[in-house]
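In case you want the letters, here they are:
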Amino acid sequence: MVIINRYWKKRAGQKTYIVSLEVSVCPICGEVLIVIGSRTRKVVENETDTVILVIRRLRCKECLVIHHELPDMVAPYKRHSADTVERVVSGETDDCGKRTIQRIKSWWAACCLYFESILASLREKYGAALSMKSAPKKIIRAVVNSHLWPQTRSVTTPA
């Protein structure tokens, strides 16, 4: 998975195509990724609006791992948009249901220590100027693009 922040949206019927303006590189080995297809991804922008995004599937030329290219408006493995997550974490929203706000806040609280240690590592290694006071969207992008996002399922590759 790779998160991009330079892209434009192309609307076609009910679907919104994400067109990247960046060259995506593999977060594992740093090789350029090639496009192998696309897939749809639903994102809830608020309690009533759902957007269907078409995102690219990419394969690394070197390590052959498949990645999905997500726009920064998407929080990986979350239904709600990254903007919604950011507003809930910062306490600026009440346009979501009470249960949704509670779930997002508890997820963020559970991940904070993990994210903080990754950001400390990125500061040490690359001089990245990120901390837990940074915007949640920036933290999420840094964690994903360093290939350290916690996966929701484990998949074993046959030998």
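Refer to the structure presented above.
Residues numbered from 1 in each chain as written. Predicted model: local features only at pLDDT ≥ 70, side-chain atom pairs only at ≥ 80, totals over all residues. Heavy atoms only, no water.

Where do I start with the packing of helix α2 (residues 98-126) against helix α3 (residues 136-145) in this structure?
Helix packing for two helices is described by the angle between their axes and how far apart those axes are. Where α2 contacts α3, the axes come no closer than 10 Å and their chain directions differ by 65°. In the crossing of α2 with α3, the sense of the turn from one axis to the other is left-handed. Side by side, α2 and α3 meet where W107, W108, F115, I118, L119 and L122 of the first sit next to P136, I139, I140, A142 and V143 of the second. Here the contact of α2 with α3 is built from residues that sort into 11 nonpolar, no polar and no charged. (Axes fitted to C-alpha atoms, helices over the stretch in contact; angles between N-to-C directions. Helix = DSSP H or I, 4+ residues; strand = E, 2+ residues; numbered from the N terminus. Left-handed = near helix turned anticlockwise from the far one by under 90°. Contact = heavy atoms within 4.5 Å. Nonpolar A, V, L, I, M, F, W, Y, C, P; charged D, E, K, R; others polar.)

I'm lost on the side chain of S134 in this one. Help?
As for its placement among the helices and strands, S134 is situated in the loop between α2 and α3. Assessed through its relative accessible area of 17%, S134 is described here as buried. Excluding its chain neighbours within four sequence positions, the residues that come into contact with S134 are A129 and I139. (Buried < 20%, exposed > 50% of the residue type's maximum accessible area, 1.4 Å probe, protein only.)

Where do I start with α2 in this structure?
Since one α-helical turn is 3.6 residues long, residues separated by three or four positions face the same way. The end-to-end C-alpha distance of α2, which contains 29 residues, comes to 39 Å, matching closely the 42 Å that a straight helix rising 1.5 Å per residue would cover. Along α2, the largest kink reaches about 45° and is centred on C112. Those residues of α2 that sit buried are T100, I101, I104, W107, W108, C111, F115, I118, L119 and L122. The secondary structure elements touched by the buried residues of α2 are α1 (82-90) and α3. Where α2 ends, the next residue or the one after it, G127, has phi of about 75°, a positive value. (Expected span 1.5 Å × (residues − 1). Bend = angle between axes of the 7 residues up to and from the residue.)

Just checking my understanding: could you explain the pattern of salt bridges for this structure?
If the charged atoms of two oppositely charged side chains come close together, the side chains can form a pair. Taken as a whole, this structure holds 3 salt bridges when the rule is applied. Salt-bridge contacts for E22 lead to R141; the nearest nitrogen and oxygen are separated by 3.5 Å. On the criterion of sequence distance, the pair formed by E22 in the loop between β3 (15-20) and β4 (33-44) and R141 in helix α3 is long-range, its members being 119 residues apart. With relative accessibility at 18%, the residue E22 sits in the buried group. Residue class for R141 comes out partly exposed when judged on its relative accessible area of 24%. Notably, a salt bridge pairs R56 with E69, separated by 2.7 Å at the nearest N-O pair. (Salt bridge = Lys/Arg side-chain N within 4 Å of Asp/Glu carboxyl O.)

Where do I start with the nonpolar core in this structure?
Considering soluble globular proteins, one finds that nonpolar side chains tend to be buried as a cluster. Counting residues in each nonpolar core, the largest one holds 32 residues, and the members touching the most others are L53, W107, F115, I140 and W149. Among the elements of the structure, β1 (2-4), β5 (50-60), α1, α2 and α3 are those that each provide at least two residues to this core. With 9 residues, α2 is the largest single contributor of residues to this core. Leave out the neighbours within four places in its chain, and L53 touches T16, I18, R39, T40, R41, V43, P71, M73 and V74. Of all hydrophobic cores here, the second largest spans 5 residues; its members include V2, C26, L33 and L58. (Core = buried A, V, L, I, M, F, W, Y, C linked by side-chain atoms within 4.5 Å.)

Please clarify how the state of the cysteines should be interpreted in this entry.
Two cysteines joined by a covalent bond between their sulfur atoms form a disulfide. This model, assessed by the stated rule, comprises 0 disulfides. Not engaged in a disulfide, the cysteine C63 finds its nearest cysteine sulfur in C60; these two sulfurs lie 3.5 Å apart. Free cysteine C112: the closest other cysteine sulfur is in C111, separated by 7.7 Å. For C112, a relative accessible area of 22% corresponds to the partly exposed category. (Disulfide = S-S within 2.5 Å.)

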